Amino acid sequence: MNILINGEPTTTSAETLTMLLEQNGFANTTIATAVNSTFVPQGQRETYSLKEGDQIEVLAPMQGG
Amino acid sequence: MREFYGTKLSNALMLGTAQYPSPAILADAFKRSGAGVATVSLRRESGADKEGQDFWALIRKLGVHVLPNTAGCHTVKEAVTTAQMAREVFGTAWIKLEVIGEEDTLHPDTFALVEAARILSEDGFQVFPYTTDDLVVAERLLRAGCEVLMPWGSPIGSGQGLNNVFGLRAMRAHFPDTPLVVDAGLGLPSQAAQVMELGFDAVLLNTAVAKAGDPAAMAEAFSLAVNAGQLAATADPMEPRDMAAPSTPVIGKAFLS
């Protein structure tokens, strides 16, 4: 299916958010996720089913003022 | 020093982590300042570069309290979602709530700010709202659940100092029991000292240190200024007066004319 990860068009076979993150280099990283502008907590990623057109945001700590 | 949501800080300086020339200089600035709080943010991560992971490792080594922000958010939904994500990533209920309403001045959208503060407070967040010196907004923020207020000194990154000393003094007088932090706009240590002399509880700054020619030295200068201002506030400053009053006693002065 076709989705967006941080705004980048991506084709994936991943069925869940956890699978998607593992396939894209985010295993064992400190991140937070949102799908279609809604926060998806870490505990729900394993069961969160992706669908065509989903917009996934993967955020990590960054410098801030 | 007042407590911030039950946390007593050893130092009244809160320091941002953005715009430093290098990670090593950032760490040095924190070391020399003794700042007890570091503000941080969240941004998109690349699975290839993983820049955020290195940054997070650096911050954890500083051994300071982390205050995540919602910088760049313009709506209630954006700010609330960012705060939820920040709580999970940083493992803290603290959130520096920014909802920007105007691009040139980065003036907060105070209507959206109050609404976001209410939602987040009800969800267990401990909100540090980036606001103005508007007393009505401040009152609404407290009613929304905030236990700390963070009025700006002047626009973020401007280095203008305190644009409305009267407003800040009024805020201190109106909310004597609320921890108050001046957040944003400071450019010089003397301005930070003035904030503390007004009886504020802390200052939060970033650009003035990060963009100095020697950020670590400037961080230490701010720390000294904050401590001086804090000490002065507790020393009960004299009241200013319009006319001169000789400090040298006139009794016993020789008659020589």
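Not measured: the values here are computed from a predicted model. (Residues numbered from 1 in each chain as written. Chains lettered and ligands numbered in written order. Predicted model: local features only at pLDDT ≥ 70, side-chain atom pairs only at ≥ 80, totals over all residues. Heavy atoms only, no water.)

> Explain the sheet that holds strand 9 (residues 126–131) of chain B here, please?
Judged by pairing direction, the sheet is parallel, and its 3 strands sit side by side in the order 6-9-10 (chain B) without closing on themselves. Two strands lie at the open edges of the sheet, namely strand 6 (94–97) and strand 10 (150–151) of chain B, each paired on one side alone. (Pairing = 2+ DSSP bridges. Helix = DSSP H or I, 4+ residues; strand = E, 2+ residues; numbered from the N terminus.)

> Explain the confidence of the model for chain B here, please?
Interpreting fine coordinate detail is not advised for predicted regions of low pLDDT. Here chain B shows a mean pLDDT of 96. Residues at 70 or above account for 100%. Across the whole predicted complex the pTM is 0.93, and at the interface the ipTM reaches 0.95. (pLDDT = per-residue confidence, 0-100.)

> What is the right way to read the packing of aromatic side chains from this model?
The relation between two aromatic rings is expressed through the spacing of the ring centres and the mutual angle of the planes. All names here are of chain B. If you walk through the whole model with that rule in mind, you get 5 aromatic pairs over all chains. Between Y5 and F128 the ring centres are 5.4 Å apart and the planes differ by 50°, which places this aromatic pair in the tilted class. With a gap of 123 residues between them, Y5 in the loop between strand 1 (3–4) and strand 2 (7–8) and F128 in strand 9 connect regions that are remote in the sequence. The pair Y5 / F128 is uniform in exposure class, with both members buried. (Phe/Tyr/Trp six-rings, centres within 6.5 Å; stacked < 30°, edge-to-face > 60°. Buried < 20%, exposed > 50% of the residue type's maximum accessible area, 1.4 Å probe, protein only.)

> Could you clarify how one ought to interpret the side chain of T29 of chain A in this entry?
Along the polypeptide, T29 of chain A turns up in the loop between helix 1 (17–23) and strand 3 (32–35). For T29 of chain A, a relative accessible area of 16% translates into the label buried. Setting aside residues no more than four positions away along its own chain, T29 of chain A makes contact with K50 and Q53 of chain B. (Contact = heavy atoms within 4.5 Å.)

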